[in-house]
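Summary of the model geometry
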Amino acid sequence: MSSASADSVRVHLRTYGCQMNVLDSQIITGLLETAGFSVVEDEAEADAFLFNTCSVRDLSERKVLGKLGQLRHARARRPELVFGVCGCMAELSGERLLHKNPHVDFVCGTNCRSHIPSLLVGALQRRLDIAHVTRHNACHLERLRGALASLLARIPPIETNCLIGTAIPEGLDERVARRPHPWHAYVEIMRGCSNFCSYCVVPYARGPEVSRPMDEILRELEQLAAAGCVEVTLLGQNVNSYGRDLEGRSRFALLLRRVSEIPGIRWVRFLTSNPYDISEELVETVASSPKICHQIHFPLQSGSDRILRAMNRKYTCAEYLEKVARIRSAVPDMAFSSDFIVGFPGETEEDFAATYAAMEQVKFANAFIFKYSARRGTAAAALPDDVPRHVKEARHQALLALQSKHTLLAHEAHVGSHVEVLVEGPSKRNPEMLQGRTSRFFNVIFPGQSWWAGTFRTVRVTHATPLALYAEPTA
Ligand code: 5AD
Ligand code: SF4
């Protein structure tokens, strides 16, 4: 984020949710800065707040609503302050959100990111029209009016306060994204999802699956590599089906091979894989390309076939386990991670036991475990949310405990060995130490020099906890 320039409108952008939203926020930051706004980290400096929101679970929405509620008081003190909401909540419940939160100036859906600068200009114009000049704010309002005038010279304001509807074409050049570090990039290879898992809002919030043309992705990656990017994470809700909507042979395995050929890029990651779509060609590509990291996020969701069917997941637990075995036979040290939902409608003790058993069998390196929450508009929302809260909680805790045991096992297997890490910067828990990731995405903490950030280092693992590997640098 840039520091605020004295005469620009300062926007504080808060991001909730997944890596897709992190990348969307990097793109929005680029759009705003190109348009002449400053994006600021400090809330106290902000002239406008923009919330890039997530709707995937009830809790994600409550976090946003909580923060919006707190800021309502700031508006009472500063009538010129602008509040905008973009992302999944804006798309799914924008009108309701405006109605229930009258201090929100505009909502902007997931596929209208390019309109955000114009929406901000329109909202700021409206706010400044009604803000009264007092002894305390005269200077501030004058600065803001000047900043707005210079924006208006270039950006047509949008009068509407509600821009939603995933069909709006964008034609956005994603290369505007402002990434915090030159050495790593999230790169979107497709948007949306057409899978319609019965619990999931993503197909409604982000629209149908649309792949980016392969040449466009490769051009962006070549530019990133020329600017010093060494690690890339290719993003899509369901990357394995990349290219299904494109002409010709734009398949994910081919894209991975082409990305791996780009000079400078050393590590290639991808998120998220749907077990149903993993092909033999993909397994062979991962096994044969040394640049593709041995890490796969491969969400099982449930170990019960009955629940998987009700979730519309299109695979059985046995098929999933076969895929895991096939991948492990080609890539023995593959680190698997998964998402699980406990307490899906109708989940019995027996269903849950099947999930627990599948987890015990695979021994994931990492897993994200969620309590089911009904999402308006999804197929599962029509089913009774009948697993009592305390049962969901107990199942959640049981899976968390099992996963913690497996993560510790995976971590302990590294003790005494040398691992290569890409250094990310100071450790969040202990800023005296550095933090980095191995190719298999294990978190490593070690002492070193701050300028190592963005470089590869080999370290020796001395001990492990469920949270991290601890290491010392090698000579
Ligand atoms: N309730 C709980 N968890 C959910 N997820 C998606 N929708 C829901 C829901 N309604 C979880 C899935 C998905 C992850 C991103 O979020 O496990 O893989
Ligand atoms: Fe949601 Fe299923 Fe699409 Fe993943 S694959 S985003 S869980 S609908």
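What counts, and at which threshold
Residues numbered from 1 in each chain as written. Chains lettered and ligands numbered in written order. Predicted model: local features only at pLDDT ≥ 70, side-chain atom pairs only at ≥ 80, totals over all residues. Heavy atoms only, no water. Helix = DSSP H or I, 4+ residues; strand = E, 2+ residues; numbered from the N terminus. Expected span 1.5 Å × (residues − 1). Pairing = 2+ DSSP bridges. Axes fitted to C-alpha atoms, helices over the stretch in contact; angles between N-to-C directions. Buried < 20%, exposed > 50% of the residue type's maximum accessible area, 1.4 Å probe, protein only. Polar contact = N/O pair within 3.5 Å; in protein donor to acceptor, adjacent residues only side chain to side chain. Contact = heavy atoms within 4.5 Å. Right-handed = clockwise from strand over helix to strand, strands pointing away. 1 Å grid on protein atoms, 1.4 Å probe; cavity = no way out; pocket = protein on both sides within 12 Å on 5 of 7 lines; lining within 4 Å. Points joined across faces, edges and corners; volume = space filled by probe spheres on them. Nonpolar A, V, L, I, M, F, W, Y, C, P; charged D, E, K, R; others polar. Near = heavy atom within 4 Å. Domains from an automatic or database assignment. Buried area = accessible area lost by both parts, 1.4 Å probe. Salt bridge = Lys/Arg side-chain N within 4 Å of Asp/Glu carboxyl O. Phe/Tyr/Trp six-rings, centres within 6.5 Å; stacked < 30°, edge-to-face > 60°. Arc of directions from axis to C-beta.

**Here we look at helix H1 (residues 19-35)**
In a regular helix each residue adds 1.5 Å, so 17 residues correspond to 24 Å; H1 covers 24 Å between its end C-alpha atoms and thus fits that length. Following H1 by one or two positions, Gly36 has its phi on the positive side, about 110°.

**Describing the sheet that holds strand S18 (residues 456-464)**
With mixed pairing, the 5 strands of this closed barrel are ordered in space as S15-S16-S17-S19-S18. Geometrically, the sheet is characterised by an average inter-axis angle of 50° between neighbouring strands, direction not taken into account. Here strand S15 (residues 418-426) pairs with S18 via 5 bridges, running antiparallel. In the strand pairing of S18, Val419 is matched with Val459.

**Remarks on the side chain of His103**
Along the polypeptide, His103 turns up in the loop between helix H3 (88-100) and strand S5 (106-108). Judged by its relative accessible area of 5%, His103 falls in the buried class. Polar contacts involving the side chain of His103 include one to the main-chain carbonyl oxygen of Leu68, which spans 2.9 Å. Every residue in contact with His103, bar those within four places of it in the chain, is listed here: Leu68, Leu71, Arg72, Arg75 and Phe83.

**Considering the sheet that holds strand S11 (residues 267-271)**
Backbone hydrogen bonds hold the strands of a sheet together, and the pairing may be parallel or antiparallel. Across the sheet, which stays open at both edges, the 3 strands sit in the order S7-S10-S11 with parallel pairing between neighbours. In the strand order of this sheet, the two ends are held by strand S7 (184-188) and S11, each with one partner. Recorded for the sheet is a direction-independent mean angle of 20° between the axes of neighbouring strands. Sheet topology places S7 next to strand S10 (residues 231-235); 5 bridges connect them, and they run parallel.

**Structural notes on the pairing of strand S1 (residues 10-15)**
Strand direction decides the pairing type here: S1 and strand S2 (residues 38-39), joined by 2 bridges, are parallel. Among the inter-strand pairings, Arg10 is bridged to a residue of S2, identified as Ser38. Crossover S1 to S2 through H1 is right-handed.

**Quick look at the layout of surface pockets**
Roughly 500 Å³ of internal volume is contained in the second largest pocket. In terms of lining residues, the second largest pocket is bounded by 17 residues, among which Arg57, Asp58, Leu59, Arg62 and Lys371 are the most central. Mapped onto the lining of the second largest pocket, the elements with two or more residues apiece are helix H2 (58-77), strand S14 (366-371) and helix H13 (389-412). Residue contributions to the lining of the second largest pocket peak at 5 residues, all from H2. Looking at the lining of the second largest pocket residue by residue, the classes come out as 6 nonpolar, 4 polar and 7 charged.

**Quick notes on the site of ligand 2**
What surrounds ligand 2 is the set Cys193, Asn195, Phe196, Cys197, Tyr199, Cys200, Val202, Pro203, Gln237, Asn274 and Arg313. In the shell around ligand 2, the residues fall into 7 nonpolar, 3 polar and 1 charged.

**Focus on the domain arrangement of the protein**
Segmenting the protein into domains produces domain 1 (10-163), domain 2 (175-412) and domain 3 (418-473). The C-alpha-based centres of domain 2 and domain 3 are spaced at 25 Å. Contacts between domain 2 and domain 3 engage 18 residues on the former and 20 residues on the latter. When domain 2 packs against domain 3, the two sides together hide about 1600 Å² of surface, and 66% of this comes from carbon and sulfur. Our enumeration of links across domain 2 and domain 3 arrives at 1 salt bridge.

**Considering the packing of aromatic side chains**
A full pass over the atoms with the stated rule returns 12 aromatic pairs. When the ring of Phe196 is compared with that of Tyr204, the centres are 5.4 Å apart and the planes differ by 75°; the resulting orientation is edge-to-face. What makes Phe196 partly exposed here is its relative accessible area of 40%. We classify Tyr204 as partly exposed; its relative accessible area is 34%. Consider the rings of Phe252 and Phe270, whose centres lie 5.2 Å apart with planes at 80°: the pair is edge-to-face. Of this pair, Phe252 sits in helix H8 (residues 252-260) while Phe270 sits in strand S11; the two residues are 18 residues apart in sequence, bridging distant segments of the chain. Assigned by exposure class, Phe252 and Phe270 land together as buried. The rings of Phe298, Tyr315, Tyr320 and Phe336 are connected pair by pair, giving a single aromatic cluster.

**Points about the environment of Ile189**
Along the chain, the position of Ile189 falls in the loop between S7 and strand S8 (190-191). As for Ile189 and Ser404, which are separated by 215 residues in sequence, their C-alpha atoms are 32 Å apart. Not counting chain neighbours up to four residues away, the residues in contact with Ile189 comprise Ser211, Arg212, Ile217, Leu234, Leu235, Val239, Tyr242, Phe252 and Leu255.

**Thoughts on helix H9 (residues 280-288)**
All of the buried residues along H9 are Leu282, Val283, Thr285 and Val286. All buried residues of H9 lie within an arc of 160° about the axis, which places them on one face of the element. Residues of H9 that are buried sit in contact with H8, S11 and helix H11 (317-330).

**Points about the pattern of salt bridges**
Enumeration over the complete set of coordinates arrives at 32 salt bridges. We note a salt bridge from Asp58 to Arg375, for which the minimum N-O separation is 3.6 Å. Of this pair, Asp58 sits in helix H2 while Arg375 sits in the loop between S14 and H13; the two residues are 317 residues apart in sequence, bridging distant segments of the chain. The class of Asp58 is partly exposed, set by a relative accessible area of 30%. Residue classification places Arg375 among the buried residues on the basis of a relative accessible area of 7%. Note that Glu347 is salt-bridged to Arg395, the shortest N-O span being 2.9 Å. You can see Glu347 sitting in the loop between strand S13 (335-342) and helix H12 (349-362) and its partner Arg395 sitting in helix H13, a full 48 residues away along the chain. You'll find Glu347 and Arg395 in the same group, each marked buried. Within this structure, Asp24, Arg113, Glu174, Arg179, Glu188, Arg191, Arg206, Arg212, Glu216 and Glu220 form a network of salt bridges that share partners.

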